[in-house]
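Here's the letter readout for the chains.
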Amino acid sequence: MTEPHPRGTAAVPAQAVRRIAGRAATEAHPDGAVRTTGTAATVCGRRTEIALDVALPYPEPLAPLVDRIRDRVTSRTAELTGLDVSRVHIGVTTLTPALCGPVGSGAGSGSAPAPAPVPADAGSPGSRSPRRWWAQRRLPLGILTLLATVAFGALAADLILVHTGHRPAAAWRTGTLHWMYGHGPGEPLVTAAGLCCALLGAGLLLLAVTPGRRDLLTMSSPVPGTDIAVDRCAVAALVHAAATGTDGVTAARTHVRRRRATVRAELTTGDLTTADRTTAERRITRAASSALADCGLRRPLRLRVTARPPRGRTLAPASTPASASTPAPASTPASVPSLAPASSLASAAAPAPAPAPSATHALAGGDL
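Keep in mind the model is a prediction, meaning the values are calculated, not measured.

## What to know about the overall build of the chain
- Within the chain, the regular secondary structure consists of 10 helices and eight strands.
- Residue burial in the chain is summarised as follows: out of 368 residues, 24% are buried.
- Look at the contacts in the chain between residues 6 or more apart in sequence, and 67% of them connect residues 24 or more apart.
- Of the accessible surface of the chain, which amounts to about 23700 Å², a share of 61% is contributed by carbon and sulfur atoms.

Structure, rendered in structure tokens:
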């Protein structure tokens, strides 16, 4: 018997992997509330790497939902394409608020309840999420590649025409060589050009060794080989919703940086004391800390909360108990003659210590 002849191979392009991964991400939520805003995929042999930008429903724990998306994308891509998914990058770019409460939390909705949030330290042994999300530097890399392609392509085309077509060298090439031969390194123009090239090289080195993507915060991933990041604007929206949902807060401004989150809350109208403001700051701190804990960030943010009264209002001094030596207001003695005779006033004032002159004048005026 003769051996069967090989019938060929099947190649799955990156575009097909990208579309399959985007569709699988939308199937991860039972209500279809997950939406993909950007997809990318690379195929190398029998392995593929996928990157997704998704919009998730709010309010819902991010870590378990992203974990379900990762599992769905990995399983469906491997099932439909036959490729091994080596890595899945998921970035949360948008939070879409639900119109009728949390998605899938209503009674009788028929959907499974959301799983409990995954703790930040629940990763398997040996797994380590990146501290920063590295950028691909597509814009500077594209510009540098374009300039190099134009310059070296023109030089290669001129050299080919000279050696194969027996044409004279281009004027721009010979002119550049003559100019460089006649100008030394000590001239100002050559020095300025060298400084520009040095600055350009230093900038490219800086871009190569720095992570970039300062707008993304990495999250703790419970599964090795999976990187999860959330946009800082999304974290700020979660903290803002938690702060404004606290009792006594009418408005709030939130700002999230790489290592710190700041909340400036405006309290309700009315006279507020320092103790009231401290109590309000504690409530806001608890709510904002709970929202940050639900995000599952790999590096916890330092939280700073400041509460203030509405504009045009000032903090009222703390109330102190009245003492026996506090003089009575002037209106009190004026109503005494209509309630008691003058003799009772004299007997009541007799055992008191020596009154101040102003108090004696007020009593005498009311008596008259």
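## Remarks on helix H2 (residues 62-81)
- Here H2 contains 20 residues, and its C-alpha end-to-end distance of 28 Å stays within 8% of the 28 Å for a straight helix at 1.5 Å per residue.
- Within H2 the residues assigned to the buried category are Leu 62, Ala 63, Pro 64, Leu 65, Val 66, Asp 67, Ile 69, Arg 70, Val 73, Thr 77 and Thr 81.
- Positive phi shows up at Gly 82, right after H2, with a value of about 75°.

## Looking at a positive patch on the surface
- Taken together, the side chains of Arg 253, Arg 257, Arg 259, Arg 260, Arg 264, Arg 302, Arg 304 and Arg 308 make up a positively charged region of the molecular surface.
- Going through the elements one at a time, strand E7 (260-267) and strand E8 (302-308) are the ones with two or more residues in the positive patch.
- At three residues, the largest contribution of residues to the positive patch is made by E8.
- Turning to its location among the elements, Arg 302 is positioned in strand E8.
- Take Arg 302: its relative accessible area is 55%, and that puts it in the exposed class.

## Quick notes on helix H3 (residues 138-164)
- Taking 1.5 Å of rise per residue, the 27 residues of H3 would be expected to cover 39 Å, and the 37 Å separating its terminal C-alpha atoms lies within 8% of that figure.
- Of the residues one or two after H3, His 166 is the one with positive phi, at around 55°.

## Concerning the nonpolar core
- With 49 residues, the main nonpolar core has Ile 50, Leu 56, Leu 62, Ile 69, Val 73, Val 230 and Val 235 as its most contacted residues.
- With residues near it in sequence (within four places) discarded, Leu 62 still touches Leu 56, Leu 95, Met 219, Val 230, Leu 238, Asp 294 and Cys 295.

## Let's talk about the state of the cysteines
- If you walk through the whole model with that rule in mind, you get zero disulfides.
- For the unlinked cysteine Cys 196, the closest cysteine sulfur is that of Cys 197, found at 6.9 Å.

## What about the pairing of strand E1 (residues 35-44)?
- Sheet topology places E1 next to strand E2 (residues 47-58); nine bridges connect them, and they run antiparallel. Across the sheet, residue Val 43 finds its bridge partner in E2, namely Thr 48.
- Hairpin connection from E1 to E2: two residues lie between these consecutive antiparallel strands, with Gly 45 at a positive phi of about 70°.

## Things to note about the pairing of strand E6 (residues 249-256)
- Summarising the sheet, E6 and E7 pair through seven bridges and their orientation is antiparallel. If you follow Arg 253 over to E7, its bridge partner there is Arg 264.
- Taking the residues between adjacent antiparallel strands as the criterion, E6 and E7 are bridged by three residues.

## A word on the sheet that holds E7
- Within the open sheet, the three strands sit side by side as E6-E7-E8. Their pairing is mixed. Strands with a single pairing partner mark the edges of an open sheet, and in this sheet they are E6 and E8. The sheet shows a mean angle of 15° between the axes of neighbouring strands, taken without regard to direction.
- Two elements, E7 and E8, share seven bridges in a ladder whose sense is parallel. Bridging across to E8, Thr 262 finds its partner in Arg 304.
- The strands that helix H6 (residues 232-244) touches are E6 and E7; relative to E6, the one it contacts most, it runs at about 155°.
- Packing of helix H7 (residues 274-295) onto the sheet brings it into contact with E6, E7 and E8, and relative to E8 it is tilted by some 145°.

## Describing the packing of helix H1 (residues 14-26) against H2
- Two elements in contact, H1 and H2, have axes separated by 8 Å at closest approach and are oriented at 140°. Between H1 and H2, the angle falls in the class oblique. Note on packing geometry: the crossing formed by H1 with H2 is right-handed. Counted together, Val 17, Ile 20, Ala 21, Ala 24 and Ala 25 of H1 and Ile 69, Arg 72, Val 73, Arg 76, Thr 77, Leu 80 and Thr 81 of H2 form the full contact between these two elements.

## Remarks on the sheet that holds strand E4 (residues 216-219)
- A sheet is described by the order of its strands in space; here five strands give the open sequence E1-E2-E3-E5-E4, paired in mixed fashion. The open sheet has two edge strands, E1 and E4, and neither has a second partner. Each strand of the sheet is rotated relative to its neighbour by a mean of 20°, with strand direction disregarded.
- Across the face of the sheet, H6 comes into contact with E2, strand E3 (84-97), E4 and strand E5 (226-231) while running at roughly 60° to E5.

## Quick word on the pattern of salt bridges
- Counted under the stated rule, the structure contains seven salt bridges.
- Where Asp 67 meets Arg 70, a salt bridge forms, and the shortest distance between an N and an O atom there is 2.4 Å. Of this pair, Asp 67 and Arg 70 are both found in helix H2, three residues apart, which corresponds to roughly one turn of the helix. By the burial criterion, Asp 67 is buried, and Arg 70 matches it.
- Close ionic contact of Arg 70 with Asp 71 constitutes a salt bridge, the shortest N to O distance being 2.1 Å.
- What makes Arg 70 buried here is its relative accessible area of 11%.
- Connected through salt bridges with shared partners, the residues Arg 23, Glu 27 and Arg 72 form a single ionic network.

Parameters at a glance
Residues numbered from 1 in each chain as written. Predicted model: local features only at pLDDT ≥ 70, side-chain atom pairs only at ≥ 80, totals over all residues. Heavy atoms only, no water. Helix = DSSP H or I, 4+ residues; strand = E, 2+ residues; numbered from the N terminus. Buried < 20%, exposed > 50% of the residue type's maximum accessible area, 1.4 Å probe, protein only. Contact = heavy atoms within 4.5 Å. Areas by Shrake-Rupley, 256 points an atom, 1.4 Å probe, with all protein chains shown as cover. Expected span 1.5 Å × (residues − 1). Patch = residues over 30% accessible without salt bridge, like charges linked within 9 Å, V, L, I, M, F, W, Y side chains within 5 Å. Salt bridge = Lys/Arg side-chain N within 4 Å of Asp/Glu carboxyl O. Lys, Arg positive; Asp, Glu negative; His and termini not counted. Charge placed at Lys NZ, Arg CZ, Asp CG, Glu CD. Core = buried A, V, L, I, M, F, W, Y, C linked by side-chain atoms within 4.5 Å. Disulfide = S-S within 2.5 Å. Pairing = 2+ DSSP bridges. Axes fitted to C-alpha atoms, helices over the stretch in contact; angles between N-to-C directions. Parallel < 35°, antiparallel > 145°, perpendicular 65-115°, else oblique. Left-handed = near helix turned anticlockwise from the far one by under 90°.

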